[in-house]
Amino acid sequence: MSMPRRTVFVLAAALATATVFNAAPPAEAGRRGDALAGAAKTFRKGFKSDAKIAEATFARVAANLAKGVAAGTTSSESAVKDFGTALAFFASSLHEAAADAAEGFAGEAVTAMSVGGDPSLPGAAAGDGGSLDVFAESIRADLAKFRAKTRKRAAKFQKALAKAGGQRRGLRVTFEDWTFTMRPAPDVGGAAKLIPEPVRLWGALATRLNDGRIIVTAFGSAAPEIDDRFDVRLARGFDVRALGDFLRSGGMDVDATGWWSFTDVINDPFGGDTVVAGNAQIHFGVDHDERGEPQRLVHGGIISIP
């Protein structure tokens, strides 16, 4: 179930829906949890439904790519690029579904708080152990499970690629945390304005093809407000490469859901442009000056170059 994305909930909208919000009587609330227990269950169920649909699509794509490589009907380059793109899209679907669920639950919490005029309404107040906390922890647990299952699926694709690859030196896959924060914060006067979240790396893949070319995929989340205002850098010693464009050339694109991704070949071995094997760091260049140069680097994660 997908809910419309919103950045601010105003009191007028909450009061407009107040007539359809039915808080459970105290005795019922005591047996079933607080007044928002039903909303927490509904929006988590919606998240899992959307996530499972996206997961099934990704699973089909991954299986077909592995079969194509094994049969020789899909080139290694195409398979690696398509797998990276599909993985990034699947992760973006989870990110968006979680954000939509959070905003939907916050809308219900705003309504409940506003009707009762209670900024500390049980279940809507973060940290009281009620429905808001349970909902957030449930989404985090769900994301952790999807992450673990996806890692296993990536491992199967790695094996298929290696088996059919001749002299290929391998595909490396790493996942950082698949994060979720409960945003926005509900209050009696409407949900609080969203403050931009930091740029985050969710995962990266690196593959060296037989001809020496290296394909890298990197993906993660960022506030839509910083579209083209940061860059993603792969650093191996003094060798620093942009995954996408450097800030001075335009930076990284962030879509309206708060997602960025990159998949492409990063070197030209035919022109003498080699990349040394070993661990590389992924950094974000931020706070650019008038020349488009970053004034600060933020660490994102690491990926091993095969």
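Report on the accompanying structure. What you are looking at is a predicted structure, and each value in this text was computed from that prediction instead of being measured. (Residues numbered from 1 in each chain as written. Predicted model: local features only at pLDDT ≥ 70, side-chain atom pairs only at ≥ 80, totals over all residues. Heavy atoms only, no water.)

With that settled, consider the side chain of threonine 217. In this structure, threonine 217 sits in strand 3 (residues 214-221). For threonine 217, the side chain forms a polar contact with the side chain of threonine 263, separated by 2.8 Å. (Helix = DSSP H or I, 4+ residues; strand = E, 2+ residues; numbered from the N terminus. Polar contact = N/O pair within 3.5 Å; in protein donor to acceptor, adjacent residues only side chain to side chain.)

We now examine the sheet that holds strand 1 (residues 170-175). Sheet architecture is open: four strands sit in the order 1-2-3-6, paired in antiparallel fashion. In the strand order of this sheet, the two ends are held by strand 1 and strand 6 (259-265), each with one partner. Pairs of neighbouring strands in the sheet enclose a mean axial angle of 5°, with direction left out of account. Both strand 3 and strand 6 contribute to a ladder of seven bridges, which runs antiparallel. Residue pairing in the sheet places phenylalanine 219 in a bridge with serine 261 of strand 6. Running at roughly 175° to strand 6, helix 4 (residues 76-116) makes contact with strand 1, strand 2 (200-208), strand 3 and strand 6 of the sheet. Lying over the sheet, helix 5 (residues 131-163) contacts strand 1 and strand 2, oriented at roughly 175° with respect to strand 1. (Pairing = 2+ DSSP bridges. Axes fitted to C-alpha atoms, helices over the stretch in contact; angles between N-to-C directions. Contact = heavy atoms within 4.5 Å.)

This part covers the nonpolar core. Counting 53 residues, the largest nonpolar core has Phe47, Phe83, Phe105, Phe135, Phe180, Met182 and Phe219 as its most contacted members. Breaking this core down by element, the ones donating at least two residues are helix 3 (37-71), helix 4, helix 5, strand 1, strand 2 and strand 3. Ranked by residues supplied to this core, first place goes to helix 4 with 18 residues. Filtering out sequence-adjacent residues up to four positions away, phenylalanine 180 remains in contact with Ala98, Ala102, Phe135, Ala136, Ile139, Arg140 and Leu143. One finds Leu201, Ala218, Ile266 and Ala280 within the second-largest nonpolar core, a separate group that totals 26 residues. (Core = buried A, V, L, I, M, F, W, Y, C linked by side-chain atoms within 4.5 Å. Buried < 20%, exposed > 50% of the residue type's maximum accessible area, 1.4 Å probe, protein only.)

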